[in-house]
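# Fold and contact review
So the chains spell out like this:
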Amino acid sequence: MTLEQENNTGWKFFLSELKPKGKLLTPFNIISVPIVLLGIVLIVIRFWKGIGAITNLTQEVPWGLWIGFDVVTGVAFAGGAYVVTFLVYILHMKKYYPIMRATVLNGFLAYVFYAGALLLDLGRPWNVINPIIGNNFGVSSVLFLVAWHFLLYMIAQLIEFSPAIAEWLGAKRIHKILSGMTIAAVIFGITLSTLHQSGLGALYLMAKEKIHPLWYSEFLPIMFFVSSIFAGLSMVIFEGSISHRVFFQQISEKNHRAQNTIIMGLAKICAGAMFAYFFLQILVFIHDKNWNFLDTPMGYWFMMEMIGFILLPMMLFYVSYRKGNITLIRIASILTMLGIILNRLNVTVIGFKWDAPIHYIPSWMEIVVTLTVIFTEIWIFRWVIRRMPVLSDAPSWAKNEH
Amino acid sequence: MSITRRGFFKAVCATGAVLALGRELQASPSAGKGGIEYRGMLYDSTLCKGCHGCEFDCAEANGLPYPELGQDLPPIRTTSETQRTVVNTYSTSKGEVFVKVQCMHCNEPACVAACLTQAMFKSKAGPVIWREDKCMGCRYCMVSCPFNIPKFEYHSPNPKIIKCDLCYNRLKTGEIPACAANCPNEALFYGTRRQLIKEARRRIVENPTKYVDYLYGEDEAGGTCWLYLSPVKFEEIGMKTTIQKSSYPALTKGFLYSVPTIFVLFPALLLGMHQATKNDHQTKEE
């Protein structure tokens, strides 16, 4: 084969891969396509008329749904990637290998899209290169750290995932090089994750009087870090249950059977991490002497979060692990995820300026744009899963290397 | 082994880079350090007659629209995208008191520490200024400012942050801020922070019945370049008294200082764990 022919087939291969592989008229597509189209229109309006044209942000509440949900909550859910790579590569728990690639892919796409959502929220996005190219390093800023870590972590995750891309393209030599970089990327990635998961909490440290005392404490960074462990794993359990139903043809019989033991293991870790988190919350609550806030509407709201969405799912995880009940684990993971959404929004939106006369409530347009970001991410996720060996087994040539 | 060695070098390189970056965590020098003497303003609310003249002077100096002051003027207003300063009216136990609101120009500003592009900048003379060419519009300064001062143009495709810059451009040509230059009642007094504190103390000591014995801004948020005198308690004239008396950037210092430590310890620890469990598995297989 001449070089020209090879290029030609490569191009054709790529074009054929671009075409959708599954059915077009699925319920998910019917719902997501119109929302994404509407979202694109709204994004155009946002860049044309300014952020205020489609959001309800105010001078008092400058960060709303796009930061509080898309970025702060989304990144917590993407935390599964660093926990699972820790189990697989650092602790050599081979058991979790079947879910590793899907989790890393999910994490990588989450970061790409949430960083993308961040650009929508920037008033002057063309200056986003300033803190990167080095002419304006605001090193005393927590946001500087978080921004750099997002960038570096995306690269680390891409390296972690890259062997799957090489397998898809059949590039054997590159595959070998990329696989050799995995462990370095994993170590770097876990370190980065620790710092920016907690960094997202540290962002709010200077807003001391603005956040309700039940949610503000100097331990916010540690809280955010610990909760990202079970937030990420609950997402892995949730996403795994859906993927195993939607992409069942892709998954080998062996991995299908392994799924239940994997979920049980994750449930156990979740229960442990949640116990630590709940204990920390109690310590902070007593340390800050917040008793007088308990008998207020915000206090009931706080207790609902603590008991209904941490203590309850923690016990469900524990019980379902002991009894081997997978359905109960899935319910616990959904409750945990709701609890994380609640917690992150309580810090960033609901408890932020809770005493102001006018509250920020996101506009329907902000919600549509958020859904656009999520749906586009799912589209790309689906596109990759259908083409690359993520859930399916790697080709035999790739396995023999290990 | 080659993989591990490479991993180790990467970790070392990353650590070095972060250590090199992590050194200058201090947001800005506080007043007096290194011979810097900040300039600021003393606002004596007992002298202000509430003429709103400074609002017009400010608008003119900064190319903003004149404020609309009708009969139905709300007594309490905030600064906005079109107004860098406002004067509010409070009815207190000692009658009507007028209070001017604008950026306090903190000694250690939260907005400057928050800014990841150095667009918010504490100049050596004292004013906290905003630099258009650097700002990326993330609004973290607004989240961080304890006084809620920076305002954002939500309805512009090329939005700016609007706040008082103590007439930075006038200061460069040797003039004093427009509000102080034109105040007919001498309620505003521009000078070095040291002078202002001395002058304020003198007024309090000479007229103990006229003033409350408190100088707002001397300790608030670790000290500000604007200082306020009042005839009544500061709660009564809408000043935030819950503001902590120490620097706001210091709140994130603990976290930022832990960054280099984690960057050194974590890769080493993770690599160690990786090695330890690896050997374990191998011996088991044998």
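Now for a description of the structure that goes with this document. (Residues numbered from 1 in each chain as written. Chains lettered and ligands numbered in written order. Predicted model: local features only at pLDDT ≥ 70, side-chain atom pairs only at ≥ 80, totals over all residues. Heavy atoms only, no water.)

## Here's the deal with the packing of aromatic side chains
Quick reminder of the rule: Each pair of aromatic rings taken from Phe, Tyr and Trp, with Trp reduced to its six-membered ring, is defined by centres within 6.5 Å and is described as stacked if the planes are under 30 degrees apart, edge-to-face if over 60, and tilted in the remaining cases. Any Lys NZ or Arg CZ found within 6 Å of a ring centre and within 35 degrees of that ring's normal is scored as a charge over the ring.
Following the criterion strictly, the structure yields 23 aromatic pairs over all chains and no others. Among the aromatic residues, ring-to-ring pairing joins B:Tyr43, B:Tyr214, B:Tyr216, B:Trp226, B:Tyr228 and B:Phe234 into one connected group. Over the ring of A:Trp48 we find A:Lys49, and its NZ or CZ is 5.0 Å from the ring centre.

## Points about the sheet that holds strand 8 (residues 188-192) of chain B
All names here are of chain B. Counted only if it meets this: Following DSSP output, two strands are said to pair if at least two bridges run between them. In this text, helices come from DSSP runs of H or I with a minimum length of four residues, and strands from runs of E with a minimum of two, each type numbered from the N-terminal end. Where helices are involved, their axes are fitted lines through C-alpha atoms of the stretch in contact, as for all axes, and angles between N-to-C directions lie from 0 to 180°. What makes two residues a contact is simply this: any of their non-hydrogen atoms within 4.5 Å.
Taken together, 3 strands build an open sheet; the order of strands is 8-1-9 and the sheet is mixed. Each having just a single partner strand, strand 8 and strand 9 (226-229) make up the two edges of the open sheet. Each adjacent strand pair in this sheet contributes to an overall mean axis angle of 20 degrees, direction not counted. For strand 1 (residues 39-44) and strand 8, the ladder comprises 5 bridges, and the chain directions are antiparallel. Within strand 8, the residue paired with Gly40 across the bridge is Gly191. Packed onto the sheet, helix 7 (residues 193-206) meets strand 1, strand 8 and strand 9 and runs at close to 130 degrees relative to strand 8.

## Here's the deal with the environment of B:Gln118
Applied cut-off: Pairs of N or O atoms are called polar contacts if they sit within 3.5 Å, as long as, within protein, a hydrogen donor faces a hydrogen acceptor (for residues adjacent in sequence, only side-chain-to-side-chain pairs).
Within the element layout of this structure, B:Gln118 appears in the loop between helix 3 (110-114) and strand 4 (120-122). Expressed as a C-alpha distance, the spacing of B:Gln118 and B:Lys134, which sit 16 residues apart in the sequence, is 6.9 Å. Here B:Gln118 is in contact with A:Asn136, A:Phe137, A:Gly138, B:Arg131 and B:Lys134, once residues within four sequence places are set aside. Among the polar contacts made by the side chain of B:Gln118, one reaches the main-chain carbonyl oxygen of A:Phe137 at a distance of 3.0 Å.

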